[in-house]
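Take a look at the letters that make up each chain.
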Amino acid sequence: MSLQAVPEPTRHERVVRQMHFTDLQAVAALEARTFTLPWSLAIFSGQLARETGICLVCEDDGRIIAYLIADMFVDVWHLMNLCVAEEVQREHVASRLLEAYFAITERKGHRGHTLEVRASNAPAIELYRSFGFVSTGIRPGYYSDDREDAVIMWKDWEGDSA
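The structure contained in this document is the topic of the report that follows. (Residues numbered from 1 in each chain as written. Predicted model: local features only at pLDDT ≥ 70, side-chain atom pairs only at ≥ 80, totals over all residues. Heavy atoms only, no water.)

We now examine the packing of aromatic side chains. Going through the model one piece at a time under the given rule, you end up with 8 aromatic pairs. An aromatic cluster is built from Trp77, Tyr101, Phe102, Tyr128, Phe131 and Phe133, whose rings are joined through pairwise contacts. We note Arg118 situated over the ring of Tyr143; from NZ or CZ to the ring centre the distance is 4.1 Å. The ring of Phe102 is capped by Lys155, whose NZ or CZ atom sits 5.2 Å from the centre of that ring. (Phe/Tyr/Trp six-rings, centres within 6.5 Å; stacked < 30°, edge-to-face > 60°. Lys NZ or Arg CZ within 6 Å of the ring centre and 35° of its normal.)

If you want it as structure tokens, here you go:
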């Protein structure tokens, strides 16, 4: 009797790429599963159509498991939406999206980055701090579903000055 090697389970590579209009149904569905105040398909479509925006997805074996939406307002990048499917949270998917986002934005002059995050979302706040964001204020009652406060966070641009 011979022993045959048991093949290792194949791990699909996670790919971060630009979002496409064909991704919007899956992105909106992930948003609806994750957030109590989900963006509509029309909001996602509008963001994707903006020339100044950055819209990224992370896919695993062709399935969208996360996305990031950001846009430039005057001379500041605003990170508007970052979502990771619950089953892959804490697997560094958000970090990969943020790294791709910074690789894009750091090639363009700006003053920095800003975002709002629920005050109760300690894991997200810690993630943003690990990327150099600092808390700069509170937006009281920012979220309309439960009137929760938002923490305003800021990160200075680390590129060359103009």
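Next up on the list: the side chain of Glu59. Residue position: Glu59 is located in strand S2 (residues 54-60). Classification of Glu59 as buried rests on a relative accessible area of 17%. A polar contact of 3.1 Å, which involves the side chain of Glu59, links it to the side chain of Arg17. Leaving out residues up to four positions away in the same chain, Glu59 has contacts with Glu13, Arg14, Val15, Arg17, Ile64 and Ile65. (Helix = DSSP H or I, 4+ residues; strand = E, 2+ residues; numbered from the N terminus. Buried < 20%, exposed > 50% of the residue type's maximum accessible area, 1.4 Å probe, protein only. Polar contact = N/O pair within 3.5 Å; in protein donor to acceptor, adjacent residues only side chain to side chain. Contact = heavy atoms within 4.5 Å.)

Our focus in this paragraph is the packing of helix H1 (residues 24-34) against helix H2 (residues 41-49). Relative orientation and spacing of two packed helices are given, respectively, by the angle between their axes and the distance between those axes. Between H1 and H2, the shortest axis-to-axis distance is 9 Å and the interhelical angle comes to 125°. Classified by the angle between their axes, H1 and H2 sit oblique to one another. Crossing handedness for the pair H1 and H2: right-handed. Contacts between H1 and H2 involve Leu24, Gln25, Val27, Ala28 and Glu31 on the former and, on the latter, Leu41, Phe44, Ser45 and Leu48. A per-class count over the contact of H1 with H2 returns 6 nonpolar, 2 polar and 1 charged. (Axes fitted to C-alpha atoms, helices over the stretch in contact; angles between N-to-C directions. Parallel < 35°, antiparallel > 145°, perpendicular 65-115°, else oblique. Left-handed = near helix turned anticlockwise from the far one by under 90°. Nonpolar A, V, L, I, M, F, W, Y, C, P; charged D, E, K, R; others polar.)

The next thing to look at is the layout of surface pockets. Think of a ball as big as a water molecule: rolled over the atoms, this probe shows where empty space is left. The volume enclosed by the largest pocket comes to roughly 1100 Å³. Around the largest pocket, the lining is made up of 33 residues, and of these Phe35, Leu82, Asn121, Ala124 and Tyr128 lie nearest the centre. Contributions of two or more residues to the lining of the largest pocket are made by H1, strand S4 (76-84), helix H3 (93-105), strand S5 (112-118) and helix H4 (122-130). When residues in the lining of the largest pocket are grouped by element, the largest group, 7 residues, is from S4. (1 Å grid on protein atoms, 1.4 Å probe; cavity = no way out; pocket = protein on both sides within 12 Å on 5 of 7 lines; lining within 4 Å. Points joined across faces, edges and corners; volume = space filled by probe spheres on them.)

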